[in-house]
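Examination of the molecular architecture
Residue-level listing of the chains:
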2 protein chains.
Amino acid sequence: MPRFALTIEYDGRPFFGWQRQTNGPSVQQAIEEAITRVVGEEVRIHAAGRTDAGVHATAMRAHCDIDTRLAPFRLGEAINAHLRPAPVAIIACEIVADDWHARFSCLGRRYRYDIINRRAPLTWQHGLAWRVVPALDEVAMQAAADCLVGHHDFTTFRSAHCQAQSPLRTLDRLDVIRDGDRIAVFAEARSFLHHQVRSMVGCLALVGQSKWTPDDMRNILEARDRTQLGLNAPPDGLYFVGADYP
Amino acid sequence: MPRFALTIEYDGRPFFGWQRQTNGPSVQQAIEEAITRVVGEEVRIHAAGRTDAGVHATAMRAHCDIDTRLAPFRLGEAINAHLRPAPVAIIACEIVADDWHARFSCLGRRYRYDIINRRAPLTWQHGLAWRVVPALDEVAMQAAADCLVGHHDFTTFRSAHCQAQSPLRTLDRLDVIRDGDRIAVFAEARSFLHHQVRSMVGCLALVGQSKWTPDDMRNILEARDRTQLGLNAPPDGLYFVGADYP
């Protein structure tokens, strides 16, 4: 049975997150049901990351084994036809080796967090970015971000519901880039703890407002204490933007 | 009575365009009613441009005379509070001279048209960009765009409903810029004819698909004949992004 790798874009607003839930719609369920309508059998898909409710993706990666002779391109088209009108799209579909695993083969995960730094309410960006009203100093934010890059115990930036065995992670990139009233935070690591990106961004926003100094960021990291966290940013601005494989 | 200049962002999807209509909601009506709720009197606002149904703005300019002693900043905040939940936001509000007119003082208008050039359906960009499936050659599109820059009779690119007295316009800029699967077309002129930007973009897309050559663009311009138009692009991707004043 061939294994297919999917690249998936989705608008997280109507979903209770990636993973199947009993209490509401999930991206995983939407795609699995679409595949079932295409090939007439139950399938299970496995993703590089499990995004929370309200979190988006421009390029989530996932795999599934499907008993079909459809060419990958046709399969992707057929899934898209059956996904309608859910805001989920298969951007690419290809056949991969039987031992390729979207989650376990993944060597790097990339997120982007979008902030709109202005007083005026959002219009079409509602739920697609985090509006922060006080003026943010992106230079101070970058200085604080630099304290987090590297191999650390990220207990402070980890949700109480995190299921990872270890709080140790290596953060390869945390860049703060302003373009007009938009600030994008780019984060890259082999893997992240639950809520890690949102927790880091929330604290960066405190530094940007001069409520915290970059040294405060270093101190709460070293405290390894979740109660020291200043702020967890909302899911609205978070996008899973890429996963890297060998 | 002070004259206020407003800078306005809006999501055009729920509106029948800028201008007041009897058959549905308009951006103008939404803002005028919000101002009335703030100051308790009827006002009339005048915009730099009247966008069609489904067209958006990041920085529409408009003015209105309001009998209030509210500081401009407070007035803008109050209008925003009363606009909720309509996807319209006052980005800036300032007092201008009594003879400043958003439409008649305007020396230049700028639009951006967003194309997403891919096979997969759109997700959160539904109604916010035009999806074009065939691969577009942006170099050929720019060559065709260059034929339109300058002072010309744009009859071919003008809606049958256009109320302008003359079809002559000077197009100062028409740039086609690709970033991954996104293509943005930037258009600048002192003023545009009705549907001019959408008509130019529709024909650029034909050139991008090699259905037309850049010479075809020159030929239909010189034909001065609306029936020669290849395609009028949908409103989805069009944004009013700026107006310039002395």
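Residues numbered from 1 in each chain as written. Chains lettered and ligands numbered in written order. Predicted model: local features only at pLDDT ≥ 70, side-chain atom pairs only at ≥ 80, totals over all residues. Heavy atoms only, no water.

- An unreviewed UniProt entry lists chain A under the name tRNA pseudouridine synthase A, with Flavisphingopyxis soli given as the organism.
- As its UniProt record puts it under Sequence similarities (unreviewed entry), chain A is described as follows: "Belongs to the tRNA pseudouridine synthase TruA family." (UniProt positions renumbered as here; feature names shortened; annotations may be inferred.)

**Things to note about the overall build of chain A**
- Counting its regular elements, chain A contains five helices and 10 strands.
- The C-alpha extent of chain A, read off along each of the three principal axes, is 60 × 40 × 30 Å.
- Relative to its 246 residues, chain A shows a buried fraction of 53%.
- When contacts within chain A are restricted to residue pairs at least 6 apart in sequence, those whose partners lie at least 24 apart make up 70%. (Helix = DSSP H or I, 4+ residues; strand = E, 2+ residues; numbered from the N terminus. Buried < 20%, exposed > 50% of the residue type's maximum accessible area, 1.4 Å probe, protein only. Contact = heavy atoms within 4.5 Å.)

**Description of the pairing of strand 10 (residues 238-244) of chain A**
Residues and elements named next belong to chain A.
- Burial of strand 10 is extensive: five of the seven residues sit out of reach of the surface.
- As defined by bridge partners, strand 3 (residues 56-65) adjoins strand 10 across two bridges and the pair is classed as parallel. Bridging across to strand 10, His56 finds its partner in Tyr239.
- When strand 5 (residues 108-116) meets strand 10, the two strands line up antiparallel, connected through six bridges. Note that in strand 10 the partner of Arg112 across the bridge is Tyr239. (Pairing = 2+ DSSP bridges.)

**Looking at the interface of chain B and chain A**
- Of the residues lining the interface, 25 residues belong to chain B; the matching set on chain A comes to 25 residues.
- Summed over both sides, the interface between chain B and chain A buries roughly 1700 Å², with carbon and sulfur atoms accounting for 66% of that surface.
- Joining chain B to chain A, the criterion identifies four salt bridges.
- Its salt-bridge partner being Arg119 of chain B, residue Glu77 of chain A comes within 2.9 Å of it at the nearest N-O pair.
- Here chain B is connected to chain A by eight residue pairs in polar contact (both at pLDDT 80 or more).
- Classifying every residue of the side of chain B that touches chain A gives 13 nonpolar, five polar and seven charged. (Buried area = accessible area lost by both parts, 1.4 Å probe. Salt bridge = Lys/Arg side-chain N within 4 Å of Asp/Glu carboxyl O. Polar contact = N/O pair within 3.5 Å; in protein donor to acceptor, adjacent residues only side chain to side chain. Nonpolar A, V, L, I, M, F, W, Y, C, P; charged D, E, K, R; others polar.)

**Section: the environment of Asp137 of chain B**
Residues and elements named next belong to chain B.
- Along the chain, Asp137 turns up in the loop between strand 6 (130-131) and helix 3 (138-148).
- With a relative accessible area of 35%, Asp137 lands in the partly exposed category.
- Taking the C-alpha atoms as reference, Asp137 lies 55 Å from Arg69; in sequence the two are 68 residues apart.
- Within the structure, Asp137 has its side chain in polar contact with the backbone nitrogen of Val139 (distance 2.9 Å).

**Notes on the environment of Arg110 of chain A**
Residue and element names in this part refer to chain A.
- When you line up the elements, Arg110 lands in strand 5.
- When the C-alpha atoms of Arg110 and Ala243 are compared, they prove to be 6.2 Å apart, with 133 residues separating the residues in sequence.
- The contact partners of Arg110, leaving out residues within four places of it in the chain, are Ala187, Glu188, Tyr239, Phe240, Val241, Gly242, Ala243 and Asp244.
- A polar contact is formed between the side chain of Arg110 and the side chain of Asp244, at a distance of 2.7 Å.

**Some points on the relation of the copies chain B and chain A**
- For the pair chain B and chain A, the superposition axis carries a translation of 0.0 Å, the fit reaches an RMSD of 0.0 Å, and the rotation angle comes to 180°. A rotation of that kind, with that shift, is consistent with a two-fold axis. Minimal C-alpha distance to the rotation axis in chain B is attained by Trp124 of chain B, lying at 4.7 Å. (Least-squares fit on C-alpha atoms with pLDDT ≥ 70 in both.)

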